[in-house]
Protein chains: 2
Amino acid sequence: MNSPMLEIACPTTPFVDNERVSLAHGDGGRLTRTFIREHVLPAFRNDLLAPMGDSASLPKLDGPTAFTADSFVVSPLFFPGGDIGKLAVYGTVNDLAVAGARPRWMSVSLIIEEGFPIESLQRVLKSIAAASRLIGVTVAAGDTKVVPRGAADGLFISAAGIGELISPVPPGPASLEPGDELIVSGPVGRHGIAILAARENLGFVPPPESDCAPLHAAVEALRRAGIPLRCLRDATRGGVTTVLHEWAGACGKTLGIDEASIPVTADVRGACELLGLDPLNMANEGTMILAVPPGWSSKAIQALQSVAETRNAARIGEVRNRAIIPVTIRRSLGVEQPLDEPTGSPLPRIC
Amino acid sequence: MNSPMLEIACPTTPFVDNERVSLAHGDGGRLTRTFIREHVLPAFRNDLLAPMGDSASLPKLDGPTAFTADSFVVSPLFFPGGDIGKLAVYGTVNDLAVAGARPRWMSVSLIIEEGFPIESLQRVLKSIAAASRLIGVTVAAGDTKVVPRGAADGLFISAAGIGELISPVPPGPASLEPGDELIVSGPVGRHGIAILAARENLGFVPPPESDCAPLHAAVEALRRAGIPLRCLRDATRGGVTTVLHEWAGACGKTLGIDEASIPVTADVRGACELLGLDPLNMANEGTMILAVPPGWSSKAIQALQSVAETRNAARIGEVRNRAIIPVTIRRSLGVEQPLDEPTGSPLPRIC
């Protein structure tokens, strides 16, 4: 471009090579189209994306629909047990699954920093493609933006998801009643500790792995087993503690859990003791809390244990009439204490 | 938090005040919930968002659905004629409208840089709320992430949109036939020039205004007038030139336009002449190209001119049998030339 614009808008010469993403890849002209055709679309070959139109046409759904949206800004992008792409798919799928919906379509919007290695982008896109194929979710829409060096940190992904709500839809935490039983679908705190250890090079051997996994099959197993579900929630940012506090707030009852019954892996327990953290406050990305009516926990746990991702599910407590404290925990020594909600976590960018 | 974590993960003391967004606002605990309740939700009061659940339940739709996704990284966030919030809503609405869908629901995901002024965030959220109310689109899902200072530039917004496809759905650019007429819905290049002038402080008086506007009413007017539409496309990144090249590629015909017939405002013309730019390559955010069968352009233009946003619509050219050149332009002096597609635009972060 022999125009004065080059000097005004591009202080440095635009940098286009085959190894790094450049600003020109995101500016909408031929390079953008070629870039998307060559580097983005091949990962997701499907009839909805192929026309590269402004919107995808989805077939008619028989019933009501669930709609969810999330952004992913995790650092590092690749961590033991997952990466930002897998996280974006499973995070979206899990939000739909715990709402009682079967995941069907999702969108993937990329915000890429100029200079980001194309090889890393390919790894992330392949990871999105593999995860979405595994679930049977179609990536039906997307967008690619490139921002100048320093205006973003590598890669951010925003995703939205659409699912079919399957009857009966869990009524939600306002429906919780005294005697309802609380279940966790697996060991807690794994994602938070994996990210912390990877980002801060804590040197644990072997490195703790994230629990990053889809929960749709577990919810389907509960449904097939005919378990009447009050509510489900994947315990992401803020961990189990935050879910319990949200539920206690929604139902106006007290939720009591028993520390000894909560599954925690040895590496998470060790890291938390060393760092003075509570595994209950650490993020999960493939672990949910659920509540069932009195007497249903054994059947629910049996159904969960039939699915690989939730084979370590356990009953952790119950709902009671409201006492002064919204969430209590019986510590391993037998004393019952308030379980305080962290006001803010000291660990940014976990998802 | 009296834990070693504070030193490991937060090199600076977490900074929570009432004027700036802090990392703790995005970490999922009580502060996040309070922040979203106090600062984000009030802008969007509606039944779908109120439960703050993982997904929103949308009512059943009668027909097939359109689904679109976009990220917005525009700089500056506020510009003459709009801001990133209005852009996010209208950008999403327009992608649905040109696909032949009535916009119904959207999601809004925020990626906020630590230290971003809460007052600016409020302005953006109010702008999203006002724009979505004007269109009748419900913000049904959303997400808020905060990244450390320097990991993003102020604020990025990702949006997804869901609309009802209205029969007959325009068949798309592959259906273009020789003799089809090409129409632009208004003056071209206004958004690109407005952003360029604002970002680079070019000092034009008055400052050029973006065309940032919704196109759903214009598409509805065309539908009501019974215009048989081949295809429509909002001419965003890459401008009119990029749309024409995409269409020429899709149909294998030649698209010829006439420079004298293309509406350009005086300020855009002046700025482009000064800077050596072509208004046809500059981005629009409320201007579309459409194609109608032979003989239909007058009626289509009449319908467009009945809507405020597209009152300056004009016929700009036609589809011909394929010649060597995919897109041609008859310049004002009468000579027909190839209209080359810019490989990359020199102006990043326009949307």
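Residues numbered from 1 in each chain as written. Chains lettered and ligands numbered in written order. Predicted model: local features only at pLDDT ≥ 70, side-chain atom pairs only at ≥ 80, totals over all residues. Heavy atoms only, no water.

Structural notes on the side chain of Asp180(A)
All names here are of chain A.
Then, in step 1: Topologically, Asp180 is positioned in the loop between strand S7 (155–165) and strand S8 (181–184).
Then, in step 2: The class for Asp180 is buried, based on a relative accessible area of 0%.
Then, in step 3: Here the side chain of Asp180 touches Glu177 through a polar contact of 2.8 Å, landing on its backbone nitrogen.
Then, in step 4: A distance of 2.7 Å separates a polar atom in the side chain of Asp180 from a polar atom in the side chain of Arg230. (Helix = DSSP H or I, 4+ residues; strand = E, 2+ residues; numbered from the N terminus. Buried < 20%, exposed > 50% of the residue type's maximum accessible area, 1.4 Å probe, protein only. Polar contact = N/O pair within 3.5 Å; in protein donor to acceptor, adjacent residues only side chain to side chain.)

What about the sheet that holds strand S5 (residues 101–113) of chain B?
Then, in step 1: Pairing is mixed across the open sheet formed by five strands, whose spatial order is S1(A)-S2(B)-S7(B)-S5(B)-S6(B). Single-partner strands in this sheet number two, and they are strand S1 (56–58) of chain A together with strand S6 (138–147) of chain B. When the angles between neighbouring strand axes are averaged without regard to direction, this sheet yields 20°.
Then, in step 2: Pairing of S5(B) with S6(B), which is carried by nine bridges, proceeds in the parallel orientation. By the bridge assignment for S6(B), Ser109(B) is matched with Asp143(B). (Pairing = 2+ DSSP bridges. Axes fitted to C-alpha atoms, helices over the stretch in contact; angles between N-to-C directions.)

Comments concerning the environment of Ala141(A)
Then, in step 1: Structurally, Ala141(A) can be placed in strand S6 (residues 138–147).
Then, in step 2: When its relative accessible area of 6% is taken as the criterion, Ala141(A) is described as buried.
Then, in step 3: The spacing of Ala141(A) and Leu77(A) is 64 residues in sequence and 22 Å in space, taken between C-alpha atoms.
Then, in step 4: For Ala141(A), the contacting residues outside a window of four places in its chain are Leu49(A), Met106(A), Ser107(A), Val108(A), Phe67(B), Thr68(B) and Ala69(B). (Contact = heavy atoms within 4.5 Å.)

Observations concerning the sheet that holds S8(A)
Residues and elements named next belong to chain A.
Then, in step 1: The strand order across the open sheet built from seven strands is S9-S11-S8-S12-S10-S13-S14, with neighbouring strands paired in mixed fashion. Each end of this open sheet is capped by a strand with a single partner; those strands are strand S9 (231–234) and strand S14 (336–338). Taking each pair of neighbouring strands and ignoring which way they run, the sheet shows an average axis angle of 25°.
Then, in step 2: Relative to S14, strand S13 (residues 327–330) runs antiparallel, the two sharing three bridges. For Thr328, the partnering residue across the bridge sits in S14 and is Pro338.

What about the side chain of Thr310(A)?
Then, in step 1: Relative to the elements of secondary structure, Thr310(A) occurs in the loop between helix H9 (297–305) and strand S12 (314–320).
Then, in step 2: Filtering out sequence-adjacent residues up to four positions away, Thr310(A) remains in contact with Ser185(A), Leu215(A), Ala218(A), Leu304(A) and Gln305(A).

Remarks on the packing of helix H3 (residues 84–98) of chain A against helix H4 (residues 118–135) of chain A
Residues and elements named next belong to chain A.
Then, in step 1: Relative to each other, H3 and H4 sit at 30°, their axes nearing to 7 Å. Relative to H4, H3 is oriented roughly parallel. The element H3 and its partner H4 pack so that their crossing is right-handed. In contact with Ile84, Gly85, Lys86, Val89, Tyr90 and Val93 of H3, H4 contributes Val124, Ser127, Ile128, Ala131, Ser132, Leu134 and Ile135.
Then, in step 2: Here the residues of the contact of H3 with H4 are counted per class, giving nine nonpolar, three polar and one charged. (Parallel < 35°, antiparallel > 145°, perpendicular 65-115°, else oblique. Left-handed = near helix turned anticlockwise from the far one by under 90°. Nonpolar A, V, L, I, M, F, W, Y, C, P; charged D, E, K, R; others polar.)

Observations regarding unusual backbone geometry
Then, in step 1: Residues Ser167(B) and Pro168(B) are joined by a peptide bond in cis, for which omega reads -5°.
Then, in step 2: Structurally, Pro168(B) can be placed in the loop between strand S7 (155–165) and strand S8 (181–184).
Then, in step 3: Here the bond from Val205(B) into Pro206(B) is cis, since omega is -10°, no more than 30 degrees from zero.
Then, in step 4: Tracing the sequence through the fold places Pro206(B) in the loop between helix H5 (190–199) and helix H6 (216–224).
Then, in step 5: Of note, Asn201(A) is a non-glycine position whose phi angle comes to about 50°, a positive value.
Then, in step 6: With respect to the element layout, Asn201(A) can be found in the loop between helix H5 (190–199) and helix H6 (216–224).
Then, in step 7: Under the relative-accessibility criterion, Asn201(A) is labelled exposed at 67%.

Considering the relation of the copies chain B and chain A
Then, in step 1: If you rotate chain B by 180° and push it 0.0 Å along the axis, it lands on chain A with an RMSD of 0.0 Å. Taken together, these values place the two copies in the relation of a two-fold axis. Taking C-alpha positions as the reference, the residue of chain B nearest the rotation axis is Ala152(B), at 2.1 Å.
Then, in step 2: Both copies share a contact surface, since 100% of the interface residues of chain B are interface residues in chain A too. (Least-squares fit on C-alpha atoms with pLDDT ≥ 70 in both.)

Quick look at the pattern of salt bridges
Then, in step 1: This model, assessed by the stated rule, comprises 34 salt bridges over all chains.
Then, in step 2: Salt-bridge contacts for Asp153(A) lead to Arg349(A); the nearest nitrogen and oxygen are separated by 2.7 Å. In this pair, Asp153(A) is assigned in the loop between S6 and S7 and Arg349(A) in the segment after S14, connecting sequence segments 196 residues apart.
Then, in step 3: Take Asp153(A): its relative accessible area is 35%, and that puts it in the partly exposed class.
Then, in step 4: For Arg237(A), the salt bridge goes to Asp143(B), with nearest N and O atoms at 3.1 Å. Of the two residues, Arg237(A) sits in the loop between S9 and helix H7 (239–251) while Asp143(B) sits in strand S6, which places them in two different chains.
Then, in step 5: Among the residues examined, Arg237(A) registers a relative accessible area of 16% and is labelled buried.
Then, in step 6: Each member of the salt-bridge network shares a partner with another, and the members are Glu181(A), Arg315(A), Glu318(A), Arg320(A), Arg330(A) and Glu336(A). (Salt bridge = Lys/Arg side-chain N within 4 Å of Asp/Glu carboxyl O.)

A short note on the pairing of strand S11 (residues 288–292) of chain B
Residue and element names in this part refer to chain B.
Then, in step 1: Most of S11 sits inside the fold, with five of its five residues counted as buried.
Then, in step 2: Across the two faces of S11 the burial is the same, with Met288, Leu290 and Val292 and Ile289 and Ala291 all buried.
Then, in step 3: Relative to S11, S8 runs antiparallel, the two being bridged by four bridges. Residue pairing in the sheet places Leu182 in a bridge with Ala291 of S11.
Then, in step 4: Alignment of strand S9 (residues 231–234) against S11, held across four bridges, turns out to be antiparallel. Counterpart to Arg233 in the pairing with S11 is Ile289.

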